[in-house]
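The lines below spell out each chain.
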Amino acid sequence: MKVDGRHFRSIWLEPDGWSVGAIDQRRLPHEFIVARMTSAADAAEAIRSMLVRGAPLIGATAAYGVALAMRADHSDASLDRACKMLVATRPTAINLKWALDEMQRVLRPLPSSARPEAAYARAGEIAEEDIAINRDIGQHGLKLIEAIAAAKKPGEPVNVLTHCNAGWLATVDWGTATAPIYQAHDRGLAVHVWVDETRPRNQGASLTAWELGHHGVPHTVIADNTGGHLMQHRMVDLAIVGTDRVTANGDVCNKIGTYLKALAAQDNGVPFYVALPSPTIDFSIDDGIRQIPIEQRSADEVTSMTGRTADGRIETVRVVPEGSPAANYGFDVTPARLVTGLITERGVLKPARAALASAFPERSKDH
């Protein structure tokens, strides 16, 4: 996608052919900074600190982290250390484990001398596959937007509600939930996005709004609690969110607050879609509420906020009284019964085991 008219991906191989570049998402929207990773430890810290974030991008970063480890030391011990370090960075998104399993599947059988080249090749393939998958997600989701647009008055925009950032910054390019929006916009359809701010890290306000603005997509940032009001007043045509893990039966784990939006959507007859690449499906579990580990992050993310002051300084301020404890659950689970459909690279599916297994038999066969 575009930043000031120039195409960018969220992660890439640098011109030196071995180090890895990525947009430092901690600095957005106020500063556009590129970070450089030269070791598996750099990749692990990038994931842990949320320099990179979003399930598909976390997976791609982990794959490149393994490649960096193999460049430094291509032994079994090095591969073991890198995978153990990387898998421990974020517990909820399944793409992380999927990418590391893929890297090990390719590298374990090889003589150690062949591993560096193979690791970079597979990491690059994972990145390219993510782009192709998200482009296909966009094409399937576009049909949903086109159908709504056809029923509206000429020139009247289709209003889409999002939550968190499931845009190209959360993937390698295109995004998941935003891919249909970008394709609709690029085709000249009138589309407007309601952007949840997504406390406590404000990924909607700082990241989704930033990327939509740079690509020229009309949007409005709203407080997280506004979505229900908009739905009651018929100001939302459909909701599209991303996800960090989907169970075999269609339960959806996504950024905290997604469940509440799904409840409001059901109460008001608003279609609620989840966009996801197939590596986000975890066929090994059926009960998202009881089986998906929910990351609990630092209370500091709740008790303080960072922004730009009127005179241009970036400052962090405390917004909670001293001595008041804060809980910071990173994700929640939306039961399949609240999901209208899952937008995947192979079509819009029912949130049910049979539909997922039929669409992705090669991934479900071992479960």
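What this report covers is the structure whose coordinates are included nearby.

Definitions and limits used
Residues numbered from 1 in each chain as written. Predicted model: local features only at pLDDT ≥ 70, side-chain atom pairs only at ≥ 80, totals over all residues. Heavy atoms only, no water. Pairing = 2+ DSSP bridges. Helix = DSSP H or I, 4+ residues; strand = E, 2+ residues; numbered from the N terminus. Axes fitted to C-alpha atoms, helices over the stretch in contact; angles between N-to-C directions. Contact = heavy atoms within 4.5 Å. Salt bridge = Lys/Arg side-chain N within 4 Å of Asp/Glu carboxyl O. Phe/Tyr/Trp six-rings, centres within 6.5 Å; stacked < 30°, edge-to-face > 60°. Lys NZ or Arg CZ within 6 Å of the ring centre and 35° of its normal. Core = buried A, V, L, I, M, F, W, Y, C linked by side-chain atoms within 4.5 Å. Buried < 20%, exposed > 50% of the residue type's maximum accessible area, 1.4 Å probe, protein only. Parallel < 35°, antiparallel > 145°, perpendicular 65-115°, else oblique. Left-handed = near helix turned anticlockwise from the far one by under 90°. Nonpolar A, V, L, I, M, F, W, Y, C, P; charged D, E, K, R; others polar.

**Some words on the sheet that holds strand β6 (residues 158–162)**
- Strand order in the open sheet formed by seven strands is β8-β7-β6-β9-β12-β17-β18, with mixed pairing between adjacent strands. Two strands bound the open sheet, and with one partner strand each, they are β8 (219–222) and β18 (347–349). On average, adjacent strands in this sheet sit at an angle of 25° to one another, irrespective of strand direction.
- Against the sheet, helix α5 (residues 115–151) touches β6, β9 (238–241), β12 (272–275), β17 (341–344) and β18, its axis set at about 130° to β17.
- Sheet contacts for helix α9 (residues 258–267): β6, β7 (191–196), β9 and β12; angle to β12, the most-contacted strand, approximately 145°.

**What to know about the pattern of salt bridges**
- Summed over all chains, the structure comprises 28 salt bridges.
- Close ionic contact of Asp286 with Arg353 constitutes a salt bridge, the shortest N to O distance being 2.6 Å. Note that Asp286 is positioned in the loop between β13 (281–282) and α10 (288–291) and Arg353 in helix α12 (residues 353–359), a separation of 67 residues in sequence.

**Examining the packing of aromatic side chains**
- Enumeration according to the criterion identifies four aromatic pairs in this entry.
- Each residue in the set Phe8, Trp12, Phe32, Trp168 and Trp210 is aromatic and connected to the rest through ring pairs, giving one cluster.
- In this structure, Arg71 is placed above the aromatic ring of Trp18, and the distance from its NZ or CZ to the ring centre is 3.7 Å.
- Here the guanidinium or amino end of Lys255 rests over the ring plane of Phe331, the centre of that ring lying 4.6 Å away.

**Digging into the nonpolar core**
- Within the largest apolar cluster, 72 residues are counted, with the highest numbers of intra-cluster contacts made by Ile11, Met37, Val66, Met103, Leu107, Trp168 and Ile240.
- The element best represented in this core is α5, accounting for twelve residues.
- With 27 residues, the next largest nonpolar core counts Ala248, Ala262, Phe272 and Ala359 among its residues.

**Brief notes about the packing of helix α6 (residues 179–186) against helix α7 (residues 203–215)**
- Put simply, α6 and α7 touch, their axes get as near as 12 Å, and they point 20° apart. With respect to α7, the element α6 is oriented roughly parallel. α7 is crossed by α6, and the crossing has right-handed handedness. Of α7, the residues touching α6 (which contributes Tyr182, His185 and Asp186) are Glu211, Leu212 and His215.
- Taken together, the residues of the contact of α6 with α7 break down into two nonpolar, two polar and two charged.

**So, the packing of helix α1 (residues 40–48) against helix α2 (residues 55–72)**
- Where α1 meets α2, the axes come as close as 7 Å, and the angle between the chain directions of the two elements is 160°. With respect to α2, the element α1 is oriented roughly antiparallel. Helix-helix and strand crossings are classified by hand; for α1 and α2 the assignment is left-handed. Residue-level contacts link Ala40, Ala43 and Ile47 of α1 to Ile58, Thr61, Ala62, Gly65, Leu68 and Ala69 of α2.
- Counted by class, the contact of α1 with α2 contains seven nonpolar, two polar and no charged residues.

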